[in-house]
Amino acid sequence: MRMRFVPHRAKRCAQSLAAAGTMLAALSSWAGGNPAVDDLAARTDWTRPIAAAEAPALDARTLARLRLNAITRAGERLIAVGEDGSVLVSDDRGAHWSPGANAFDAMLTAVDFTSADTGYAVGHDALILISRDRGRHWFSLQTDLQDPSPLLQLRMHDAKLGLAVGAYGRVLRTEDGQTWTRIAHGDDDRHVYGIAWVDARRVVVVGERGLILTSDDAGLHWRAVASPYDGSLFGVLALPDGALIAYGMRGRLLRSTDAGAHWQMLDTPTPAFLFGADRAPDGRIWIAGGNGSLLESHDGGAHFSLVETGRKDDFAGVLALDARTLVLVGDHGPFVLHPGAAREGH
């Protein structure tokens, strides 16, 4: 991988996120390769578009050596993305995984599908990819060589309206799913890590050093909101009632009940960095992070408890398939967890 930050920004980026584990990997692993990815690339002709169904399932040892940064659904299919352009798909609820077709080797940091067929992914080198066939093939919408700073998160509100955010305050917006425009918000210094759509008009982003921005016009204009925490927030989750949960360094949890206008600090059961969250169909909230940490809330995010996972690796994302099944991804690939019951993993 190649590093294309200007030198002083690259140094500051690495220093400011040195403790952030998986988030650091998403921002600053520009050089060197992973043997598992190299082996996967050697066995797969990435220059020829292939259907994911044509590719053989990866064995557990290979999966455990892959760093994955995000996971989502495409209908019943699961799709995870990660280092060196890795795209993995599963059609059996995470039991087996096969490689998708992506000719781009930049690290992918986020993925989101607007339907069972159409989805987007973002990553390093300002890469924005689109798939129209359930993640089988991926094509580039944008590689901004004028500013190749990483994109770190992506959230679509619907098939056309969406946001992507990243390093040094970058916020990109689309109204057609094809053309992405940079939106100014007055803070080009702090990295932006997380996005949550409250509804079609209201959206919140969070980031480095307590950054919280809100918009009431679908991301066209932004205003800064006071945060009770001045450390980095790595993500934010919107709930059906308009409440929001933000999470970040040292297990910090913030909650808003008014669409992001005001925030309060919550008690946290862990000092681990928190990187990904999801809401299960039964309403439970799950937040995953470093050192195998997993938090659970039964009351809309007012209180959280720590759940034993039996792992010590860093989780970057979590997807709740149902009330009893989670799929987590991180620096040792995908991991299926049945909280409170027998566990299985890769």
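Above this note sits the structure.
Residues numbered from 1 in each chain as written. Predicted model: local features only at pLDDT ≥ 70, side-chain atom pairs only at ≥ 80, totals over all residues. Heavy atoms only, no water.

S.K.: Teacher, can you tell me more about the nonpolar core here?
M.R.: In globular proteins that are soluble, nonpolar side chains generally tend to be buried together. Ranked by size, the top nonpolar core spans 20 residues in total, and within it Ile212 and Trp263 carry the most contacts. Where this core is concerned, the elements lending two or more residues are strand 13 (192-197), strand 14 (203-207), strand 17 (233-238) and strand 18 (244-248). The element best represented in this core is strand 17, accounting for three residues. Leave out the neighbours within four places in its chain, and Ile212 touches Val204, Val205, Val206, Arg223, Ala224, Val225, Ser227, Leu233, Leu254 and Trp263. (Core = buried A, V, L, I, M, F, W, Y, C linked by side-chain atoms within 4.5 Å. Buried < 20%, exposed > 50% of the residue type's maximum accessible area, 1.4 Å probe, protein only. Helix = DSSP H or I, 4+ residues; strand = E, 2+ residues; numbered from the N terminus. Contact = heavy atoms within 4.5 Å.)

S.K.: Where do I start with the pairing of strand 21 (residues 274-279) in this structure?
M.R.: Along any regular strand, the residues point their side chains to alternate faces of the sheet. Of all six residues that make up strand 21, five are buried, and the element is covered over most of its length. With five bridges joining them, strand 21 and strand 22 (residues 285-289) adopt antiparallel strand pairing. Following the sheet pairing, Asp278 is matched in strand 22 by Trp286. Here strand 21 folds back onto strand 22 in antiparallel fashion, the turn holding five residues, of which Gly283 has a positive phi close to 95°. (Pairing = 2+ DSSP bridges.)

S.K.: Would you take a moment to explain the sheet that holds strand 19 (residues 253-256) for this structure?
M.R.: The strands that make up a sheet pair up through hydrogen bonds in the backbone, lying either parallel or antiparallel. Across the sheet, four strands lie side by side as 17-18-19-20; this open sheet has antiparallel pairing. Both edges of this open sheet fall to strand 17 and strand 20 (264-266), since each of them pairs with a single strand only. Neighbouring strand axes in the sheet, compared pairwise and without regard to direction, differ in orientation by 25° on average. One ladder, built from five bridges, connects strand 17 with strand 18; its direction is antiparallel. What sits directly across from Leu233, in strand 18, is Gly248. (Axes fitted to C-alpha atoms, helices over the stretch in contact; angles between N-to-C directions.)

Fair warning: the whole summary comes from geometry, so function is off the table for now.
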